[in-house]
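One letter stands for each residue in the lines below.
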Amino acid sequence: MTAASHRELGSSIQQILVSDPAFRPVAYLSMEIGVKASLPTYSGGLGVLAGDILKSGADLGVPMVGISLLYRKGYFDQSFNSEQWQVEKPVQWQPVQELTLLPNQVTVTMQGRDVIIRTWLYEITGTTGYPLPVYFLDTDFDGNHPDDRKITWDLYGGDQIYRLCQELVLGIGGLRMLRDLGYSNIETFHMNEGHAGFLTLELMREQGYYDLEKVRKQVIFTTHTPIPAGHDFFRFDLVEKVLPQDFMYNLRKMLPNADGVSMTELGIKFSRYVNAVSKKHAEVSRNMFSKPEIDWITNGVHPGTWVSASMKRLYDLHIPGWENDPGRLIQAIHIPPKDIWNAHQANKMRLMAEIMEQTGRQFDPNVLTIGFARRAAQYKRADLIFSNVKRLVEIGAGRIQLVFSGKAHPKDDGGKALLQRLLNAAQKVDDAIAVVFLENYDMDKGALITQGVDLWLNTPLRPREASGTSGMKCCLNGVMNFSVLDGWWIEGWEEGVTGWSIGPLPSESELVRYDETQDAVDLYNKLEKTIIPLYYEDQDGWIRMMQRAIAQDASYFNTHRVVKEYCEKAYDINFIGM
Ligand SMILES: *Cc1c(COP(=O)(O)O)cnc(C)c1O
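K.L.:
Describe the environment of Val562, and please don't skip the residues or the numbers.
P.N.:
For Val562, the position within the fold is in helix H23 (residues 559-571). Judged by relative accessible area, which is 0%, Val562 ranks as buried. When near neighbours in sequence (up to four residues on either side) are disregarded, Val562 contacts Ile53, Ile297, Thr298, Asn299 and Gly300.

K.L.:
Explain the side chain of Glu167 residue by residue, including any values.
P.N.:
On the secondary structure map, Glu167 appears in helix H6 (residues 160-180). Classification of Glu167 by relative accessible area gives buried; the value is 0%. Filtering out sequence-adjacent residues up to four positions away, Glu167 remains in contact with Met31, Ile172, His195, Phe198, Asp232, Phe234 and Met263.

K.L.:
I'd love a proper account of the packing of H6 against helix H7 (residues 199-207), names of residues and values included.
P.N.:
Packing of H6 against H7 leaves a shortest axis separation of 7 Å and a crossing angle of 50°. Taken together, the axes of H6 and H7 are oblique relative to one another. Crossing geometry of H6 relative to H7 is assigned as right-handed. Residue-level contacts link Gly171, Ile172, Leu175, Arg176 and Arg179 of H6 to Leu199, Glu202, Leu203, Arg205 and Glu206 of H7. Split by residue class, the contact of H6 with H7 holds four nonpolar, one polar and five charged.

K.L.:
Residues and numbers for the domain arrangement of the chain, please.
P.N.:
Segmentation of the chain into domains returns domain 1 (37-74 + 88-299 + 563-571) and domain 2 (303-557). When each unit is reduced to the centre of its C-alpha atoms, the spacing between domain 1 and domain 2 is 32 Å. Listed per partner, the contact involves 32 residues of domain 1 and 30 residues of domain 2. At the boundary of domain 1 with domain 2, total buried surface from both sides reaches about 2,400 Å², with 53% on carbon and sulfur atoms. With its nearest N and O atoms 2.8 Å apart, the salt bridge here joins Glu88 to Lys416. Summed over the shared surface of domain 1 and domain 2, the result is 11 residue pairs in polar contact (both at pLDDT 80 or more). At the level of elements, helix H3 (45-60) and helix H12 (279-289) are the ones that each hand at least two residues to the side of domain 1 that touches domain 2.

The rules we used
- Residues numbered from 1 in each chain as written.
- Predicted model: local features only at pLDDT ≥ 70, side-chain atom pairs only at ≥ 80, totals over all residues.
- Heavy atoms only, no water.
- Helix = DSSP H or I, 4+ residues; strand = E, 2+ residues; numbered from the N terminus.
- Buried < 20%, exposed > 50% of the residue type's maximum accessible area, 1.4 Å probe, protein only.
- Contact = heavy atoms within 4.5 Å.
- Axes fitted to C-alpha atoms, helices over the stretch in contact; angles between N-to-C directions.
- Parallel < 35°, antiparallel > 145°, perpendicular 65-115°, else oblique.
- Left-handed = near helix turned anticlockwise from the far one by under 90°.
- Nonpolar A, V, L, I, M, F, W, Y, C, P; charged D, E, K, R; others polar.
- Domains from an automatic or database assignment.
- Buried area = accessible area lost by both parts, 1.4 Å probe.
- Salt bridge = Lys/Arg side-chain N within 4 Å of Asp/Glu carboxyl O.
- Polar contact = N/O pair within 3.5 Å; in protein donor to acceptor, adjacent residues only side chain to side chain.

Below, the structure is given as structure tokens:
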């Protein structure tokens, strides 16, 4: 059965198809899935990507189901104390307002106790009406031990045991729940990052006998982490305290000579297909794991989610059918420049209205506005642009204004210190250059900022940005990237055409150490000599670049292309007729 014929079956597809032996869906498992801002079940790029992939799956009629955890406490409400130190509060949200609770329950034994898991349903509806279910697993209800109720409270919270329990809920509980829901013919289990790796143990148990190849045939794995310290590792003496005996026995057999379980190694070893999320990231991952066969499928963003209303109106008018075939955005070079500019200015005004509402600051829609919004992880170097305040003021006074946003993980004091430095630096330049920080970065703020600024700044330490996706949201809205050559930007960058680079060109060799002290120097020079003059003195040239960013980059860095690649290379789903 092709994906297209599933699509035609229409809205009752889940009820009809779950029991149909010809329905062989892909189960997409992810520790976080971000569908929309009012469902606070994600912390950053990994979750947003998962949501975007499932949405494109729905648009394209690909038989997929998503599975993740329901985080009762959300991903915190952000504020700052008088020392500019981030303070977190739980998000007040009511799952019942967003999701449907299903009657199904399954049990997984952890730490000697039976933990009951139930699930909430969210249905994504594709552009053609195709429904794609996302299941959020939940342990917080009567019947569970008070400690076990907490397992699904916090995203990436707690200690190692807590993390381990969450990953058991996702991997083992997730599979049991799918079976209980009636999915008996899952063709492929897609593990989005290593967190769901224990799924392989449950597949082995289901089989009833030990056969690695049989497990491998059912699983594919996407790695997202380009540094060794970023991968979950659980020592066996810890795992033993949580996992039942029979699982422990198989786990040791699956990982001989190991003293613990690396979730990424589990993913790599027990998958028929493994991919990284950009070309560069594949090179890094091949080296890191000595696995030359690691492929790459570069990330994208979901067009309908991230395009602004004004840009969508333009595309609908000039490029019919673009939303379900975003490759057609290549024609954006023919949209009248004036219309592109006006649509962009509308986005900019919306951002500036929000800035006024939230901070009382008056931003000028005629000043070059630079944005930086993402998780406040140290490697992303949000404060790089402030590394020489004097120089920045010389270049930028009256000519640029800056918008920042981002949350540091509650346990990441380094990230909080970065935010503190950023807010202090912002105060220092504020007389000369307007700078605002918008609190509570989430998908809505992400959309507003990536649509409303003129230039998107991205300054990660190489090679830490496996892909990055917020810069792609910008391209979709005609906003240029000004970025270190890492992750996706190596593929999307054409100097002076789709945007600009910062610092050295990427090296062919993985072993080269970049001189990253030069990044700030290069950033200032290019801003002063190239970008600011172009913005103020050659508006036609600027708009031509906006068109090229859309045509060259948004036509490719979208999740419709990503899902098609997964279908062809990883899922074995036939795309003829789509
Ligand atoms: C798009 C998005 C991200 C991803 O940001 P990158 O750092 O560019 O990968 C993170 N968080 C939110 C809320 C987003 O919308």
